[in-house]
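# Results of the structural survey
Read off the chains here:
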Amino acid sequence: MEYTYLGRTGMKVSTLCLGTMNFGVATDEKDAFRIMDAALDAGITFFDTANIYGWGENAGLTETIIGRWFAQGGGRREKVVLATKVHGQMNDANDGPNDERGLSLYKIRRHLEGSLRRLQTDHIELYQMHHIDRRTPWEELWGGFEAMVNQGKVDYIGSSNFAGWHLAKAQAAAEKRNFMGLVSEQHLYNLVNRNAELEVLPAAQDYGLGVVVWSPLAGGLLGGSALKAEKGTRTSQGKEGIERHRGQLEQYAKLCDELGESQANVALAWLLANPAITAPIIGPRTIEQLENTLRAVEIKLDQATLDELDRIFPGPGGAAPEAYAW
């Protein structure tokens, strides 16, 4: 495994981040425990979750599973850089109308306590806003997050699904308070969807934010089975998405065959080759999927391969405004 710093912080994380969204949904607790043990044994120290994982009436279940895994001891908690998120509605928060989607200080404070309880820990290394809240002012947000950091309940604050100008506005408000502000942005980015190259990646680099990538395999399109008529093929893109990208996926499959690497691992290696990216989030449903993914950190794509990937999956043309102007 390889390691890097999370943005401009002094905290090191593994360059693969274990996503836990499947735990308690597609992966039962026993298998989730096995996956987390195997990930830690392989050197993956960066774990990502969210308070709403488990979904609906089961929101919070994923954090609960992780907490029970930590409770086994053996240094599990001490070895993990733990990231969770806040924004969605939680059924156990008893917040009434204040439990709608959003980021009021009232809600964040209560939801942080819920996450700490479920995760069976007294602190979280990276506490992330799961989405922008256009209603709550930054004075309120930074006041609340500063208190959490000062109390030792949270080490760093991150964002997710922010636009480039949201990052700029957040950091400007934090600077006025002499507060560190954001240290990371978790964002949608993959070979199929490269919109982040326009403004989010340049903004993140300029502000020293680590970029953690969700959906690095484009909802299964880049996983290697999208074009196969196999029972059990999973992709969130559906048949329409497969047909829309069929030509690209066929060329991509051919290139990966020539490289002798799996399509999923080439997609991850492409992300890891980008200096703006801290870590893609992998979300294995089985321990076999986890083990197969570990190869990605060993793949070093040469310039000719990177150029060919750009040809197959062209991006927006670089950063704005040069991508569309001069």
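Everything that follows concerns the structure shown earlier in this document.
Here is a short report on the structure shown in this document. For clarity, every value in this text was computed on a predicted model and none was experimentally measured. (Residues numbered from 1 in each chain as written. Predicted model: local features only at pLDDT ≥ 70, side-chain atom pairs only at ≥ 80, totals over all residues. Heavy atoms only, no water.)

### A few points about the overall build of the protein chain
- Along the protein chain, the regular secondary structure elements total 12 helices and 10 strands.
- In terms of C-alpha radius of gyration, the protein chain reaches 20 Å, essentially the compact-globule figure of 20 Å for 326 residues.
- Overall size of the protein chain, expressed as C-alpha extent along the three principal axes, is 55 × 55 × 35 Å.
- Of all 326 residues assigned to the protein chain, the portion counted as buried reaches 52%.
- Total accessible area on the protein chain is roughly 14900 Å²; 48% of this is exposed by carbon and sulfur atoms. (Helix = DSSP H or I, 4+ residues; strand = E, 2+ residues; numbered from the N terminus. Rg over C-alpha atoms; globule rule 2.2 N^0.38 Å. Buried < 20%, exposed > 50% of the residue type's maximum accessible area, 1.4 Å probe, protein only. Areas by Shrake-Rupley, 256 points an atom, 1.4 Å probe, with all protein chains shown as cover.)

### So, the sheet that holds strand β3 (residues 17–19)
- Read around the closed barrel, eight strands run β3-β4-β5-β6-β7-β8-β9-β10, paired in parallel fashion. Each strand of the sheet is rotated relative to its neighbour by a mean of 25°, with strand direction disregarded.
- Relative to strand β4 (residues 46–48), β3 is paired through three bridges, and the arrangement is parallel. Each bridged residue has a counterpart across the sheet, and for Leu 18 the counterpart in β4 is Phe 47.
- Sitting on the sheet, helix α5 (residues 138–150) is in contact with β6 (124–129), β7 (154–160) and β8 (182–188), with an inclination near 145° to β7.
- Contacting β9 (210–214) and β10 (277–282), helix α10 (residues 263–272) runs over the sheet at an angle of about 155° to β10. (Pairing = 2+ DSSP bridges. Axes fitted to C-alpha atoms, helices over the stretch in contact; angles between N-to-C directions. Contact = heavy atoms within 4.5 Å.)

### What to know about the packing of aromatic side chains
- Counted under the stated rule, the structure contains 10 aromatic pairs.
- For the pair Trp 138 and Phe 162, a centre-to-centre distance of 6.2 Å together with 65° between the ring planes defines the contact as edge-to-face. You can see Trp 138 sitting in helix α5 and its partner Phe 162 sitting in the loop between β7 and α6 (164–176), a full 24 residues away along the chain. Across the pair, exposure class does not vary: Trp 138 and Phe 162 are buried alike.
- Look at Tyr 189 and Trp 270: their rings are 5.3 Å apart centre to centre, the planes differ by 40°, and that puts the pair in the tilted class. Of this pair, Tyr 189 sits in the loop between β8 and α7 (200–207) while Trp 270 is found in helix α10, placing the two residues 81 residues apart along the sequence.
- Chaining the aromatic ring pairs together yields one cluster made of Tyr 127, Trp 138, Trp 142, Phe 145, Phe 162 and Phe 179.
- In this structure, Arg 77 packs its charged tip against the face of Phe 70, placed 5.2 Å from the ring centre. (Phe/Tyr/Trp six-rings, centres within 6.5 Å; stacked < 30°, edge-to-face > 60°. Lys NZ or Arg CZ within 6 Å of the ring centre and 35° of its normal.)

### Observations regarding the pattern of salt bridges
- Scanning the entire structure with this criterion turns up 18 salt bridges.
- In this structure, Lys 300 engages Glu 2 in a salt bridge whose closest nitrogen and oxygen atoms are separated by 3.1 Å. A residue pair is termed long-range when its members are at least 10 positions apart, and Lys 300 in the loop between α11 (287–293) and α12 (303–312) and Glu 2 in the segment before β1 (3–5) qualify at 298 residues.
- For Glu 2, a relative accessible area of 37% puts it in the partly exposed group.
- Each member of the salt-bridge network shares a partner with another, and the members are Arg 194, Glu 197 and Asp 310. (Salt bridge = Lys/Arg side-chain N within 4 Å of Asp/Glu carboxyl O.)

### Side note on the environment of Gly 317
- Within the secondary structure, Gly 317 sits in the segment after α12.
- Linking Gly 317 and Tyr 5, residues 312 residues apart in sequence, is a C-alpha distance of 28 Å.

### Notes on the side chain of Asn 51
- Of note, Asn 51 is situated in the loop between β4 and α2 (61–70).
- Aside from chain neighbours lying at most four places away, what touches Asn 51 is Ala 59, Gly 60, Glu 63, Thr 84, Lys 85, Val 86, Met 90, His 111, Ser 115 and Arg 118.

### Examining unusual backbone geometry
- The amide bond that connects Ala 320 to the next residue, Pro 321, takes the cis arrangement and shows omega of 0°.
- As for its position among the elements, Pro 321 is in the segment after α12.
- Here Trp 55, not a glycine, exhibits a phi torsion of approximately 70°, which is positive.
- Structurally, the position occupied by Trp 55 is in the loop between β4 and α2.
- Classification of Trp 55 by relative accessible area gives partly exposed; the value is 37%.
- Even without a glycine there, the phi angle at Ala 218 is positive, about 55°.
- When you line up the elements, Ala 218 lands in the loop between β9 and α8 (238–244).

### Some words on α2
- Burial within α2 is extensive, with seven of its 10 residues counted as buried.
- Within the sequence span of α2, burial applies to Thr 62, Glu 63, Ile 65, Ile 66, Gly 67, Trp 69 and Phe 70.
- Each element contacted by the buried residues of α2 is listed here: α1 (29–41), β4, α3 (76–79), β5 (81–86) and α4 (105–119).

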